[in-house]
Amino acid sequence: MELSLLRHVYDQEGPFATVYLEGRSPSEDAGTQTRLRWQALREQLLSDGAPEDIVQAIENELGQATAGEEQGNGRVLVANSSGVLLNEPFDAAQGAGDSVHYTALPELGPHARERAREIRELVVVASQEGATVRQEIVLQQHEPRKVAAGDVHGSAVEGVHKPRGQALSHKQIQRRADEAVLRNAKDVVQHVSEAVDRFHPDVIVLAGEVQARSAVRGQLPLELADITVETERGGRDSNASDDSLTEQLLQIAEEKSAARAEQAVDKFKSGLAHGLAVTGSQSVRHAAERGAVETLLLEEDAPASTESQLLKACADTDAEVTLVPSGTELTDGVGALLRFPIT
């Protein structure tokens, strides 16, 4: 996650109220249940010293949501005396519970950790006539969260279906059909390239008809082919299994997340030997104050010492945050990869 995305929050003056609403299975009384949960959190915020105007701003924001939205997805909200500064989905595993904080700095550790776990998948379900392209954010053990979707209709005017038979006219029709599939594939790739520029996916997942997948893959530029994974699951027809494709998307996310963590650990170990990594809260804070932190490293399921302060310091210098496995033995549960050595 790029911590600069949170800078607009950290740039504001505190204290801050931070609210986490756990995602739960939707139900018929979702709206009622959310209101009851919020009432308990509201009372806790007030008892912790949060002013009525800050609490009311959060309540007003929740009241504007679609019925049941928080129940199904969960939310994280941050507010100060200026109003609500952050309102985003929060998909922490069920059982984590709701929580509120009224503190000098926003409590964005859980939010940053969740965003660091995300794998952005651009899903391309191809057919010979075009494709459906979906932008999905995937967390392990969660249903993918669709953020955008659209259909690409190829510009070829010829039909893409080949006739049977050996007659010359049939061969000509077959050639035109092949050319139509190729033209449509080029249109799909152009759309995919534009979506990549907007969405910045970690991986492109290419699904759909075999011939269509082959045509699209053949048109992908090298930089997109390198991040593309092909799957036989899913399709645009009514018989294709969405559940099967979802299972594949979760598996891909798990593999990408593990590879990302492994790469971060390798870079950290190498960095320690060459003065391009530090560990421990004090050392990371010292590096952040000098603008040297490129990537903040946090251990999975192990809150770092002074995590809120470190997140703010690293957000101020456009650092990223990445999770590494528990047991990496970071001092105070925190480390950093550096842009340059510091003394």
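- Looking at an unreviewed UniProt entry, one finds the protein named Peptide chain release factor 1 and attributed to Saccharopolyspora rectivirgula.

**Quick notes on the sheet that holds strand β4 (residues 99–103)**
And then number 1: The antiparallel open sheet is built from four strands, whose spatial order is β3-β2-β1-β4. Because the sheet does not close on itself, it has two edges, and the strands there are β3 (83–89) and β4. The mean angle between the axes of side-by-side strands here comes to 10 degrees, regardless of whether they run parallel or antiparallel.
And then number 2: This element, helix α3 (residues 52–63), spans β1 (16–21), β2 (75–80), β3 and β4 of the sheet and lies at about 145 degrees to β2.
And then number 3: In the packing of helix α5 (residues 109–117) onto the sheet, contacts are made with β1, β2 and β3, and the angle to β3 comes to roughly 35 degrees.

**A word on the nonpolar core**
Note that soluble globular proteins tend to have their nonpolar side chains buried in a common cluster.
And then number 1: Core analysis: the largest hydrophobic core is formed by 35 residues, its most contacted members being L3, L108, V293 and L296.
And then number 2: When residues of this core are assigned to their parent elements, the largest contribution, five residues, is made by helix α11 (residues 307–315).
And then number 3: In terms of domain composition, this core takes at least three residues from each of domain 1 (7–108) and domain 3 (275–338).
And then number 4: When neighbours within four sequence positions are excluded, L296 is seen to be in contact with L3, V284, L310, L311, C314, E320, V321, T322, V334 and G335.
And then number 5: Of all hydrophobic cores here, the second largest spans 22 residues; its members include A126, V189, V196 and L206.

**A look at the sheet that holds strand β12 (residues 320–324)**
And then number 1: Reading across the sheet, the four strands line up as β10-β13-β11-β12 and stay open at both edges, with mixed pairing between neighbours. The open sheet terminates on both sides in strands that have one partner only, identified here as β10 (277–279) and β12. Along the sheet, successive strands turn relative to each other by an average axial angle of 25 degrees, direction set aside.
And then number 2: Alignment of strand β11 (residues 293–299) against β12, held across five bridges, turns out to be parallel. Following the sheet pairing, L297 is matched in β12 by T322.

**Quick word on α3**
And then number 1: For α3, with twelve residues, the first-to-last C-alpha span of 16 Å sits near the 16 Å given by 1.5 Å per residue.
And then number 2: Those residues of α3 lying buried are I54, V55, A57, I58 and L62. The arc enclosing the buried residues of α3, seen along the axis, measures out at 155 degrees, which places them on a common side.

**Looking at the pattern of salt bridges**
For side chains of opposite charge, pairing can occur when their charged atoms come near one another.
And then number 1: Under the definition given, this model contains 16 salt bridges.
And then number 2: With a closest N to O distance of 2.6 Å, E59 and R42 form a salt bridge. In this pair, E59 sits in helix α3 while R42 sits in helix α2 (residues 30–47), placing the two residues 17 residues apart along the sequence.
And then number 3: In this structure R42 comes out as buried when scored by relative accessible area, which is 13%.

Rules behind the numbers
Residues numbered from 1 in each chain as written. Predicted model: local features only at pLDDT ≥ 70, side-chain atom pairs only at ≥ 80, totals over all residues. Heavy atoms only, no water. Pairing = 2+ DSSP bridges. Helix = DSSP H or I, 4+ residues; strand = E, 2+ residues; numbered from the N terminus. Axes fitted to C-alpha atoms, helices over the stretch in contact; angles between N-to-C directions. Contact = heavy atoms within 4.5 Å. Core = buried A, V, L, I, M, F, W, Y, C linked by side-chain atoms within 4.5 Å. Buried < 20%, exposed > 50% of the residue type's maximum accessible area, 1.4 Å probe, protein only. Domains from an automatic or database assignment. Expected span 1.5 Å × (residues − 1). Arc of directions from axis to C-beta. Salt bridge = Lys/Arg side-chain N within 4 Å of Asp/Glu carboxyl O.

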